[in-house]
Amino acid sequence: MSAKAAINKEVFVPHDEKMLAAVQVKRKTKKKIPFLATGGQGDYLTFICLSVTNKKPAHVTVTKVKQFQGSSAFVKRSQWTLDQLRQINGIDSNKDCAEFDLTFDNAFDQWVAGSAGEKCTFIQILHHTCQRYIPMRKPEFVNCQAKLLGEAQAVDSVVVRCKVFMNRVRKDLVAHHSLLRRQGNSILHSAADSVTSAVQKASQALNERGERLGRAEERTADMMNSAEQFAVTAHKLAMKHKC
């Protein structure tokens, strides 16, 4: 498991939060330690994390997390709400660099990220998060490359395009469904008409067949009557000649 995944699991998930971004940093200049301070915990790794609560309304925080040498645990050291963030200084707007400064209402830190890419990714996500969750008095982004600040607009544009596309697909599906229903009804009507026509033809054929059988029976009866009359006449003639 990566360090960032472990931070999310150990520090944020138990508090029903999810981590949006994290960057490993070190101070640009070493922090002065008071002469009388003792009992330090030695070397440590520092991460600046951005997180949001799962429950609504959402609350976004910037948290400093440390992992001390010899320990696998991550410890939450300092935390600020997103609306306490006043300025993000990208140091150089013309080229990638790993340095950046964060200014809060009651704190100011100068950091160097593990790489320029990590810093750029963190600032992109931080800018987008500020645009989404802070309706007024947004923090100031200075000396940041335009490509970093345009990411939020690009994301919003992609979201809008996706919504438009999904609405178009939904309309097309509804129209196609209606067409299928109409076609289905038309097919049913056609099938019903065909069945009715077939029944009518069969009935007509049976009627015609019945009529033909009736005429045949009549002709047969006529022929039998004629034969019977012929037999009677022949018998009479035979008796007459006998006498």
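Parameters and conventions
Residues numbered from 1 in each chain as written. Predicted model: local features only at pLDDT ≥ 70, side-chain atom pairs only at ≥ 80, totals over all residues. Heavy atoms only, no water. Salt bridge = Lys/Arg side-chain N within 4 Å of Asp/Glu carboxyl O. Helix = DSSP H or I, 4+ residues; strand = E, 2+ residues; numbered from the N terminus. Buried < 20%, exposed > 50% of the residue type's maximum accessible area, 1.4 Å probe, protein only. Pairing = 2+ DSSP bridges. Axes fitted to C-alpha atoms, helices over the stretch in contact; angles between N-to-C directions. Contact = heavy atoms within 4.5 Å.

Observations regarding the pattern of salt bridges
Within this structure, the stated rule accounts for five salt bridges. Between D105 and R86 there is a salt bridge whose closest N-O contact spans 2.8 Å. With a gap of 19 residues between them, D105 in the loop between β6 (99-104) and β7 (108-113) and R86 in strand β5 (residues 85-89) connect regions that are remote in the sequence. What makes R86 partly exposed here is its relative accessible area of 21%. The closest approach of N and O atoms between K147 and D96, which form a salt bridge, is 3.3 Å. With K147 in helix α3 (residues 146-242) and D96 in the loop between β5 and β6, this pair connects stretches of sequence that are 51 residues apart.

What about unusual backbone geometry?
Put simply, K56 and P57 share a cis peptide bond, and its omega is -5°. On the secondary structure map, P57 appears in the loop between β2 (44-53) and β3 (60-68). The backbone of D16 sits at a positive phi, close to 60°, despite the residue not being glycine. In this structure, D16 sits in the loop between α1 (3-12) and β1 (17-27). In this model, R137 sits at a positive phi of 50°, which is unusual for a non-glycine residue. Structurally, R137 can be placed in the loop between α2 (116-133) and β8 (140-142).

Quick word on the sheet that holds β8
Ordered in space as β4-β3-β2-β1-β7-β6-β5-β8, the eight strands form an open sheet in which the pairing is mixed. Only two strands of the sheet have a single partner each, and these edge strands are β4 (75-81) and β8. Averaged over all neighbouring strand pairs, the angle between strand axes comes to 30°, with direction disregarded. Sitting on the sheet, α1 touches β1, β2, β3 and β4, and the angle it makes with β1 is about 125°. Contacts from α2 reach β1, β2, β3, β5, β6, β7 and β8 within the one sheet, and its direction differs from that of β1 by about 135°.

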